Amino acid sequence: MNVQSKIDFAAIIPTQRIAHNVLDLVGQTPMVRLHRYLDLTDVNLIAKVEALNPGGSAKDRPARYMIERALADGRLSPGDTVVESSSGNMGIGLAQTCAVHNLKFICVVDPNAQAQNVAIIRALGGKIELVEAAIDGDFLAARLERVAELLRASPDRFWPNQYANTDNPAAHEAGTISEIDAALPDQIDYLFVACSSTGTARGCRDYLRRMGRKTKVVAVDAEGSTLFDGVAGPRKISGMGAGRVPELAKGQSFDNVIRVADITCVTGCRRAVAREGFLVGGSGGGVLEAVRSMQDKLRGKTAVAIIHDSGARYLGTVFDPDWVERELGVPEDQVLALAGLETSVA
Ligand SMILES: Cc1ncc(COP(=O)(O)O)c(C=O)c1O
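Residues numbered from 1 in each chain as written. Predicted model: local features only at pLDDT ≥ 70, side-chain atom pairs only at ≥ 80, totals over all residues.

> Just give me the short version of the overall build of the protein chain, but keep the residues and values in it.
Within the protein chain, the secondary structure is distributed over twelve helices and ten strands. Dimensions of the protein chain along its principal axes, counting C-alpha atoms only, are 65 × 55 × 45 Å. When the 346 residues of the protein chain are sorted by exposure, 46% land in the buried category. For the protein chain, the share of sequence-separated contacts (at least 6 apart) that also reach a separation of at least 24 residues comes to 68%. (Helix = DSSP H or I, 4+ residues; strand = E, 2+ residues; numbered from the N terminus. Buried ≥ 20, exposed ≤ 12 C-beta atoms within 10 Å, placed from the backbone. Contact = placed C-beta atoms within 7 Å.)

> Could you give an account of the site of the ligand, naming the residues involved and the relevant values?
Neighbouring the ligand are 19 residues, the closest being Ser197, Thr200, Gly239, Ser283 and His308. Every element with two or more residues in the shell around the ligand is listed here: helix H3 (89-100) and helix H8 (199-210). A per-element tally of the shell around the ligand places H8 first, with three residues. Tallied by class, residues from the shell around the ligand come to five nonpolar, twelve polar and two charged. When residues are assigned to domains, the shell around the ligand turns out to be shared by domain 1 (25-52 + 166-338) and domain 2 (60-158), each giving three or more. (Near = placed C-beta within 6 Å. Nonpolar A, V, L, I, M, F, W, Y, C, P; charged D, E, K, R; others polar. Domains from an automatic or database assignment.)

> Can you lay out the sheet that holds strand S8 (residues 216-222) for me, pointing to particular residues and giving the numbers?
Strand order in the open sheet formed by six strands is S1-S2-S10-S7-S8-S9, with mixed pairing between adjacent strands. Unpaired on one side and paired on the other, strand S1 (31-33) and strand S9 (256-260) mark the two borders of the sheet. Taken pair by pair, the neighbouring strands of this sheet meet at an average axis angle of 25°, ignoring direction. H8 contacts strand S7 (190-194), S8 and strand S10 (302-307) of the sheet and is inclined by roughly 175° relative to S8. (Pairing = 2+ DSSP bridges. Axes fitted to C-alpha atoms, helices over the stretch in contact; angles between N-to-C directions.)

> Please set out the domain arrangement of the protein chain residue by residue, giving values where relevant.
Each domain of the protein chain was delimited in the assignment, giving domain 1 (25-52 + 166-338) and domain 2 (60-158). Of note, the centres of domain 1 and domain 2, computed from C-alpha atoms alone, are 25 Å apart. Each partner contributes to the interface: domain 1 provides 16 residues, whereas domain 2 provides 13 residues. For the side of domain 1 that touches domain 2, the per-class residue count stands at three nonpolar, nine polar and four charged.

> Before we move on, can you summarise the environment of Gly311 with the specific residues and values?
With respect to the element layout, Gly311 can be found in the loop between S10 and helix H11 (321-328). Separated by 266 residues in sequence, Gly311 and Leu45 have C-alpha atoms that sit 19 Å apart.

> How would you summarise the sheet that holds strand S4 (residues 104-109) if you had to cite specific residues and measurements?
One open sheet holds the four strands; their spatial order is S5-S4-S3-S6, and the pairing between them is parallel. One side of each edge strand has no neighbouring strand; the edge strands of this open sheet are strand S5 (127-130) and strand S6 (157-158). By the bridge criterion, five bridges tie strand S3 (residues 81-85) to S4 in an arrangement that is parallel. By the bridge assignment, Val83 is partnered in S4 with Ile106.

> Could you give me a rundown of the nonpolar core, with the residues and numbers involved?
In terms of nonpolar packing, the biggest core is built from 56 residues, with Phe192, Val193, Val220, Val287 and Ala305 touching the most fellow members. Elements that contribute at least two residues to this core include exactly strand S2 (44-49), helix H7 (176-183), S7, H8, S8, helix H9 (262-276), helix H10 (282-293) and S10. In this view, Val193 contacts Thr200, Ala201, Cys204, Val217, Ala219, Val220 and Ile306; residues no more than four positions away in its chain are not counted. Residues Val83, Cys98, Cys107 and Val131 belong to the second largest nonpolar core, which totals 28 residues. (Core = buried A, V, L, I, M, F, W, Y, C linked by C-beta atoms within 7 Å.)

Structural data, given as structure tokens:
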């Protein structure tokens, strides 16, 4: 018997809402239960899949929010130029937002920017401004100086400044965490969030406190990041951590801070793929390993991990065994062992 002929697809396929424009697709990202990532079965671990925003990351949210707030209060008008220093997800989110709102976008990057991200920003209509020389070894200082020069050059230019702009955490308060809380009202014991600007973690924490939730917010930071009194050091995984403490992060505290090494992010990514078929980005791997490091404490509890982007953006780094061995000094069989996975048999 043909089983398919008995299925009434019209009854099971929900009516699709037609979005007004691509920015209307930002948010309402899905959540998925991760049954096999941990070694314990009595931890209710749920991931928020931010890669399913149209630009591929959680940064679509603050990019849209910062620009639309500036348009609404007249700091920015259609036809103006947005200038930002970013070589990653924020640059992509801003390029997408600017394309929809008829704004020009100049993205200031340095030679460490990943070629794939730069290509996406360009493809979305952004103009790339490459800073070639560091100031006293500091590329961030050089990029910020170039941003200042570009702003001085013309009055119709706007700098969202994601590291100081409170519309960045506000976007997560209005979107990311309110969506999570609506799905699991007052049921989340722990929330794990990777940090760089701290916009995501701040916004989530502020919402949860305002709602009177008891959720413990765990900030996940990179080893070598200066956030939360960390000591600056080399970091190879993009997205997580900060070389200098951003304005948004000053004076902020969370219930717990867990620092993860670059190799821990890599092993987390590999484990997420092997155990769950979930291709997470570098910070997502770090966040999941932060959860795993606390799993004994999480028995019988619900933990939500925000996964900021997809591993598809890290094919030449985290998911490339040659890169991992060259940059982090860890051969593939050790990566698999650290991830608690079987070493493949040739
Ligand atoms: C992949 C990834 N993970 C985590 C973060 C940290 O987010 P936030 O800047 O909100 O602290 C970022 C920010 O750029 C990111 O791109």
